[in-house]
Amino acid sequence: MTEVLTPIAFIDLGAQRRRLGSKIDNAIMSVINSGTFIMGPEVKAFERQLASFGQAKFALSCANGTEAIVLPLMAWGIKPRDAVFCPSFTFAATAEVVPWLGATPVFVDIDPDTYNMDPAHLEATILQTIAEGKLVPKVIIAVDLFGQAANYPAIAEIARKYNLKLIADSAQGFGCTINGEHPIKWADVTTTSFFPAKPLGCYGDGGAMLTNDETLYDLMDSLRVHGKAVKSDLAGKNFEHDPKYLNVRIGMNSRLDTVQAAILIEKLAIFAEEIELRNQVAARYNDGLADLVCVPKVIQGGLSTWAQYTIEVSDRDGLAAFAKLRGIPTAVYYPIPIHKQNVYSGYPKGPGGLPVSESKASKVISLPMHPYLDIATQKIVIETVRQYVLGNDR
């Protein structure tokens, strides 16, 4: 009978918690003792630090990563008959926000190596949309899946060619770069999520947007707080009261809690080191598995944050069951691409459909990944995968 090992963490949030220890405790208690639970000074401090880290002029926090995507769409006035191009091999939130505004998500296939939006299929999909004449192309949402940047140089060139806005949905990939440049170099706005399991996660829900466009920043700031008046709205006006009581547009309530901002300040301080550690873990996986399975491929010049380490195997359910018996957790992300789910199945797809997305959805499986995965534990994971694959290939 196979020996069952002590369970291994898929994402070990406890290891980071132990490392930061009293720093997190003190940050939380500082907010509690101050009583500034909403929009306290830690929120602004975190936004400044986040902008600096992400190479952007401005950063604006919000309640979660989903609303981070819809806020720029609202600021741009996206409306019915507008087309927003996005991948289908990702979490539903990327496409979900588009119908909120009455607009139409148009699904684009992915590159087979990186799992990110395929620029060639993107352009073909834009051209198909223009030719059909039913929708007006307006926005591209590229996703930094599993932690690595989409092909922004190519995607941004297409966006400029067709006069489209570009969102870098970096919910999984915040901190990723191409030749040292963050996605905001190419995108109009970068969005991210601080869901606890993300590489930069808080202790609840949270999100943010980064941009170099001050006008866009002001609009999103207004929209995240009930359409409050911002500096540009007050120019030439004599309104002496709190601007949140002068509501100049239809907005929402999407604020990051001060406690979460305080936690994120401490986490951001070690984030660069954690990205480096994640890359060391990924390199060990590559060394141990590349001869047997399809391991992740990073775009040329790219640095991934490795939100997940995802491989491809022919019988991923069998591998998952085999690993589980040995105390090793795995995860299958996006087993049903968005366009194949009933509620989204009526929305347009690019020419030829999305065969790569559909194929990858049946093969991918993710292994334990976090900055504190030690060599001995990782060796057990690698040996388990190798044992299964070699046994099934006989």
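The preceding data block contains the structure.
Predicted model only: the values in this text are computed from it and were never measured.

Q: Just give me the short version of the pattern of salt bridges, but keep the residues and values in it.
A: All chains considered together, the criterion is met by 15 salt bridges. The shortest N-O distance in the salt bridge between R224 and D221 comes to 3.0 Å. Residue R224 and its partner D221 are both found in helix α8 (residues 214-224); the two are separated by three residues, about one turn of the helix. For the residue pair R224 and D221, the accessibility class agrees, reading buried in each case.

Q: Mind laying out the nonpolar core, listing which residues take part and the relevant values?
A: By size, the foremost hydrophobic cluster in this structure holds 30 residues, and its most contacted members are L71, L73, F107, V139, I141, M209 and M220. For this core, the secondary-structure elements that each account for two or more residues are β1 (58-62), α4 (65-75), β2 (82-87), α5 (93-100), β4 (136-143) and α8. Considering every element that reaches this core, the biggest residue donor is α4, with six residues. For L73, the residues in contact, after removing those within four places along its chain, are I78, V97, V98, L101, V139 and I167. Core analysis: the next-biggest nonpolar cluster, separate from the first, contains 26 residues, A150, A156, L164 and L166 among them.

Q: Describe in detail the packing of aromatic side chains, supporting the description with residues and values.
A: Inspection of every chain in the model, using the stated rule, returns 17 aromatic pairs. Seen in terms of ring centroids, F146 and Y333 are 6.2 Å apart; in terms of plane orientation they differ by 65 degrees. Their pairing is edge-to-face. Of this pair, F146 sits in the loop between β4 and α7 (152-161) while Y333 sits in the loop between α12 (316-325) and α13 (355-361); the two residues are 187 residues apart in sequence, bridging distant segments of the chain. Since its relative accessible area comes to 6%, F146 is described here as buried. Three or more aromatic residues joined by ring pairs form one cluster here, namely F89, Y115, F146, Y333 and Y334. When the ring centre of W186 is taken as origin, the NZ or CZ atom of K185, which lies over that ring, is 5.9 Å away. The ring of F322 carries the charged tip of R326 above its face, separated from the ring centre by 3.6 Å.

Q: Which residues make up the environment of V259, and what values do they have?
A: Within the secondary structure, V259 is located in helix α10 (residues 258-269). For V259, a relative accessible area of 21% corresponds to the partly exposed category. Discounting residues that sit within four places of it in the chain, V259 has contacts with I28 and V31.

Q: Lay out the sheet that holds β4 with the relevant residues and their values.
A: Pairing is mixed in the open sheet, where seven strands are placed in the order β1-β8-β7-β5-β4-β2-β3. Here the strands that pair on one side only, and so sit at the sheet edges, are β1 and β3 (104-108). Across the sheet, the axes of successive neighbouring strands diverge by a mean angle of 25 degrees, strand direction being ignored. In this sheet, strand β8 (residues 207-211) lies alongside β1 in antiparallel orientation, the contact comprising five bridges. If you follow F58 over to β8, its bridge partner there is T211. Across the sheet, α5 lies against β2, β3, β4 and β5 (165-169), angled at about 150 degrees from β3, the strand it touches most.

Q: Describe the side chain of S193, naming the residues involved and giving the relevant values.
A: Position of S193 among the secondary structure elements: in strand β7 (residues 189-193). Polar contacts involving the side chain of S193 include one to the main-chain amide nitrogen of F195, which spans 3.1 Å. Apart from residues no more than four positions distant in its own chain, S193 is found in contact with G65, A171, K198, L200, G206 and G207.

Q: Break down a nonpolar patch on the surface for me, citing the residues and quoting the values.
A: A grouping of M29, I32, F37, I38 and M39 is seen on the molecular surface, where their side chains present a nonpolar patch of about 430 Å² in accessible area. Its location among the elements puts I38 in the loop between α2 (22-34) and α3 (41-53).

Q: I'd like a rundown of the state of the cysteines, residues and numbers included.
A: Taken as a whole and judged by the stated rule, the model has zero disulfides. The thiol of C86 is not disulfide-bonded; the next cysteine sulfur, from C176, is found 18 Å away. Judged by its relative accessible area of 0%, C86 falls in the buried class. Considering cysteine sulfurs only, C62 is the nearest to C202, which forms no disulfide, with 11 Å between them. On the basis of relative accessibility, which here comes to 1%, the residue C202 falls in the buried class.

Rules and cut-offs
- The residue numbering used here restarts from 1 in each chain and proceeds along that chain's sequence as written.
- Where local features are concerned, this predicted model is filtered to residues with pLDDT of at least 70; where side-chain atom pairs are given and counted, the filter is 80 or more; whole-chain, interface and lining totals use all residues.
- Based on all heavy atoms of the structure, the side-chain values leave hydrogens and waters out of the count.
- Put simply, a salt bridge is a Lys or Arg side-chain nitrogen that is within 4 Å of an Asp or Glu carboxyl oxygen.
- To qualify as a helix, a DSSP run of H or I must reach at least 4 residues; to qualify as a strand, a run of E must reach at least 2; elements of each kind are numbered from the N terminus.
- Throughout, exposure labels follow a simple rule: accessible area from a 1.4 Å probe, protein chains only, divided by the maximum for the residue type, with under 20% read as buried, over 50% as exposed, and the rest as partly exposed.
- Residues belong to a common nonpolar core when they are buried Ala, Val, Leu, Ile, Met, Phe, Trp, Tyr or Cys residues joined through side-chain atoms within 4.5 Å.
- We call two residues contacting when some pair of their heavy atoms lies within 4.5 Å.
- Two aromatic rings from Phe, Tyr or Trp, using only the six-membered ring of Trp, form a pair when their centres are within 6.5 Å; if the ring planes differ by under 30 degrees the pair is stacked, by over 60 it is edge-to-face, and anything between is tilted.
- Criterion for a charge above a ring: Arg CZ or Lys NZ at most 6 Å from the ring centre, at most 35 degrees from the ring normal.
- Note on pairing: DSSP must find at least two bridges between two strands before they are called paired.
- To get an axis, a line is fitted to the C-alpha atoms, and for a helix only the part in contact is used. The angle between two axes follows their N-to-C directions and goes from 0 to 180 degrees.
- Polar contacts, as counted here, are pairs of nitrogen or oxygen atoms within 3.5 Å of one another; within protein the pair requires one atom able to donate a hydrogen and one able to accept it, and residues that are adjacent in sequence qualify only if both atoms are side-chain atoms.
- Each patch is built from residues lacking any salt bridge and having more than 30% relative accessible area; the joining distance is 9 Å for like charges and 5 Å for nonpolar side chains (Val, Leu, Ile, Met, Phe, Trp, Tyr).
- Accessible surface is estimated by sampling points in the Shrake-Rupley manner with a 1.4 Å probe; for residues, cover comes only from the protein chains shown.
- Whenever a pair of cysteine sulfur atoms sits within 2.5 Å, that pair is classed as a disulfide.

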